Amino acid sequence: MRIMQIGEYLKNRRRDLNLTQAQVCAGIWEVSTLSRIERGLQTPGYGLLSTLLERLGMPAARYYALLSQNELDVETLMREIRADEIRFRRAPAEDRPRIRKRAEEKLSRLERLTEPEDQITRQYILSARAALGRKDGPYSFEERLDMLMEAIRLTVPRFDLEKVGHFRYSMAEATLINQIARTFSQAGKKSQAISIYRQLLDYIRKNNQKLSRYAGQFCLAAHNCAIDLASEKYYPEATALTKKGQKICIEYGDYQFLPGFLSIQAECCYYTGDREKSAALYFQAYYTYAAILDKHNCALIRQEMKEHLGLEPQY
């Protein structure tokens with residue numbers, strides 16, 4: 001796509017949404033920079049362009065921008081670190097130091113490649129460090145929350161946990177907000193977490209349905225929110241949200257959170273007195289986890305079924 005076409009598209013999309021240049025580019029570009037891009041006088045970098053398009057609710061993959069070798073190296077490192085984060089979360093305690101060390105080495109390399117004005121990569125580095133913790137264990141709630149709030153305010157300077165829907169977000173920024181909510185949840189501050197999740201889900205539903213990663217992003221926030229809703233005994237809301245998530249999993253062919261939605265529904269049915277439906281949903285959740293070789297969650301479901309219903313899967 002030529003520079004003029006990119007600029008024209010951004011301008012038209014922004015006007016369709018009735019947004020000012022300042023609202024769209026807050027935290028990632030100066031208004032004067034966006035103005036030059038919209039007039040075809042400046043070429044946007046790939047990372048910033050992707051972030052801006054996602055804030056406008058459009059898939060970045062539709063547009064082409066030439067990546068420099070440095071940008072390719074940054075993209076590769078970020079992809080590898082994300083994979084290490086997932087391994088770190090799922091690994092037994094004895095394997096975590098090794099995975100963390102490998103991820104920290106990559107983060108150090110990523111820092112050396114990051115340009116001073118690249119707020120987006122700096123944001124990612126902060127969020128990754130918050131997730132990985134220190135050598136001797138995780139950060140405290142206060143430390144982790146401070147890191148994540150610093151990260152989100154790199155690109156959304158006026159971000160407010162009480163006014164999540166007042167700003168525009170890229171997919172990475174929305175994922176970071178989910179991470180903030182989860183931090184509250186892990187500290188036992190369920191009501192604060194639920195408030196953030198509700199606002200985030202409302203934003204995703206209103207703005208991100210055209211994005212290629214909409215299903216995964218919605219289901220991540222919905223799954224985490226439903227867990228907290230069930231723990232606080234908001235069973236009807238938790239059930240409705242998991243049914244919506246289940247429907248999206250099936251419609252979009254994105255099944256990562258499907259067994260989780262089924263198990264939360266099973267728990268809600270048990271506590272509202274429908275033991276027969278609870279049993280059916282627990283079996284569905286268990287065998288879905290078994291099909292994807294998730295032994296950890298299979299064990300959790302097996303234990304919960306036995307405690308609640310006195311039942312066990314056959315294998």
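Scroll up to find the structure this text is about.
All residue numbers here refer to positions counted from 1 along the written sequence of the relevant chain. Per-residue local features are limited, in this predicted model, to residues with pLDDT of at least 70; the limit for side-chain atom pairs, both in listing and counting, is 80 or more; totals at the level of whole chains, interfaces and linings are taken over all residues. Only hydrogens and water are set aside when side-chain values are computed; all heavy atoms of the structure are taken into account.

### Focus: the overall build of the protein chain
In DSSP terms, a helix is any run of H or I states spanning at least four residues, a strand is any run of E spanning at least two, and both are numbered starting from the N terminus. Each helix and strand in the protein chain was counted, giving 15 helices and zero strands. Atoms counted for the radius of gyration: C-alpha only. Globule rule: 2.2 Å times the number of residues to the power 0.38. For 315 residues, the compact-globule estimate of 2.2 N^0.38 gives 20 Å, and the protein chain sits close to it at 21 Å. Burial classes follow relative accessibility: with a 1.4 Å probe on protein chains only, a residue under 20% of its type's maximum area counts as buried, one over 50% as exposed, and anything between as partly exposed. Across the 315 residues of the protein chain, 47% fall into the buried class. In what follows, residue pairs with any heavy atoms lying within 4.5 Å of each other are defined as contacts. For the protein chain, the share of sequence-separated contacts (at least 6 apart) that also reach a separation of at least 24 residues comes to 61%. Note on areas: these come from Shrake-Rupley sampling with a 1.4 Å probe, and a residue is covered only by the protein chains present in the view. Surface accessibility of the protein chain: about 16500 Å² in total, with carbon and sulfur atoms responsible for 50%. We score Asp and Glu as negative and Lys and Arg as positive, and we do not count His or the chain ends. Each charge is placed at NZ for Lys, CZ for Arg, CG for Asp and CD for Glu. Separation between the mean location of the 48 positive side-chain charges and that of the 40 negative ones in the protein chain comes to 3 Å.

### A word on the nonpolar core
Side-chain atoms within 4.5 Å link the members of a nonpolar core, which is a set of buried Ala, Val, Leu, Ile, Met, Phe, Trp, Tyr and Cys residues. Ranked by size, the top nonpolar core spans 63 residues in total, and within it Phe159, Ile180 and Phe218 carry the most contacts. Here this core takes 10 residues from helix H11 (residues 214–231), the largest share from any one element.

### A look at the pattern of salt bridges
Here, a salt bridge means any Lys or Arg side-chain nitrogen found within 4 Å of an Asp or Glu carboxyl oxygen. Going through the model one piece at a time under the given rule, you end up with 17 salt bridges. For aspartate 84, the salt bridge goes to lysine 106, with nearest N and O atoms at 3.0 Å. With aspartate 84 in helix H5 (residues 69–90) and lysine 106 in helix H6 (residues 96–113), this residue pair connects regions lying 22 residues apart in the sequence. The exposure classification of aspartate 84 matches that of lysine 106, with both residues buried. Among the salt bridges present, the one from arginine 134 reaches glutamate 143, with a minimum N-O distance of 2.4 Å. In this structure glutamate 143 comes out as partly exposed when scored by relative accessible area, which is 30%. Connected via shared salt-bridge partners are Glu80, Asp84, Arg87, Arg102 and Lys106.

### Let's talk about the state of the cysteines
Cysteine sulfur atoms are paired as a disulfide whenever they fall within 2.5 Å. Applying the stated criterion across every chain, the model contains zero disulfides. The cysteine cysteine 225 is free of any disulfide, with cysteine 268 supplying the nearest cysteine sulfur at 11 Å. Owing to a relative accessible area of 1%, cysteine 225 belongs among the buried residues under this scheme.

### Description of the packing of H11 against helix H12 (residues 235–252)
With their axes 9 Å apart at the nearest point, H11 and H12 run at an angle of 160 degrees to one another. Here H11 lies roughly antiparallel to H12, going by the angle between them. Where H11 crosses over H12, the handedness of that crossing is left-handed. Residues Tyr214, Ala215, Phe218, Cys219, Ala222, Cys225, Ala226, Leu229 and Ala230 of H11 form the contact with H12, whose own contacting residues are Tyr235, Glu237, Ala238, Leu241, Thr242, Lys244, Gly245, Ile248, Cys249 and Tyr252. Note that Gly is not counted as nonpolar here; it falls among the polar residues with everything else outside the nonpolar set of Ala, Val, Leu, Ile, Met, Phe, Trp, Tyr, Cys and Pro and the charged set of Asp, Glu, Lys and Arg. Residue composition of the contact of H11 with H12, grouped by class: 15 nonpolar, two polar and two charged. A fitted line through C-alpha atoms serves as each axis, taken over the contacting stretch for helices, and the angle formed by two N-to-C directions is quoted from 0 to 180°. Just so you know how the angles are binned, under 35 degrees is roughly parallel, over 145 roughly antiparallel, 65 to 115 roughly perpendicular, and the rest oblique. For any helix crossing, the convention is left-handed if the near helix is rotated counterclockwise from the far helix by under a right angle, and right-handed if that rotation is clockwise.

### Section: H12
Here the expected span of a helix is defined as 1.5 Å times the quantity of residues minus one. The end-to-end C-alpha separation of H12 is 26 Å, in line with the 26 Å expected for 18 residues at 1.5 Å each. For H12, the set of buried residues is Tyr235, Ala238, Thr239, Leu241, Thr242, Gly245, Ile248 and Cys249. Elements that come into contact with the buried residues of H12 comprise helix H10 (190–207), H11 and helix H13 (258–271). Downstream of H12 by one or two residues, glycine 253 has phi in the positive range, about 65 degrees.

### Points about the side chain of glutamate 85
Among the secondary structure elements, glutamate 85 is positioned in helix H5. It turns out glutamate 85 is buried and unbridged, and the closest side chain with the opposite charge, arginine 89, is 4.6 Å from it. Once you skip the residues sitting within four places of it in the chain, glutamate 85 turns out to touch Tyr124, Ala128, Ala131 and Leu132.

### Re unusual backbone geometry
The phi angle at lysine 233 is positive, at roughly 70 degrees, despite the residue not being glycine. Note that lysine 233 resides in the loop between H11 and H12. Overall, the relative accessible area of 62% leaves lysine 233 in the exposed class. Phi is positive for leucine 293, close to 60 degrees, though the residue is something other than glycine. Counting through the fold element by element, leucine 293 comes out in the loop between helix H14 (275–291) and helix H15 (295–309). Leucine 293 sits in the exposed class, given a relative accessible area of 72%.

### Focus: the packing of aromatic side chains
The aromatic pairing rule takes the rings of Phe, Tyr and Trp, using the six-membered ring of Trp, and pairs them if the centres are within 6.5 Å, calling planes under 30 degrees apart stacked, those over 60 edge-to-face and the rest tilted. Under the criterion given, the structure shown has 10 aromatic pairs. Ring centres of tyrosine 286 and tyrosine 287 lie 5.1 Å apart, and the angle between their planes is 85 degrees; on these two criteria the pair is classed as edge-to-face. By relative accessible area, tyrosine 286 is classed as buried at 6%. Residue classification places tyrosine 287 among the partly exposed residues on the basis of a relative accessible area of 27%. For the ring pair tyrosine 287 and tyrosine 315, a centre distance of 5.4 Å and an interplane angle of 50 degrees mean the geometry is tilted. Here tyrosine 287, found in helix H14, pairs with tyrosine 315, found in the segment after H15; they are 28 residues apart in sequence, far enough to count as distant.

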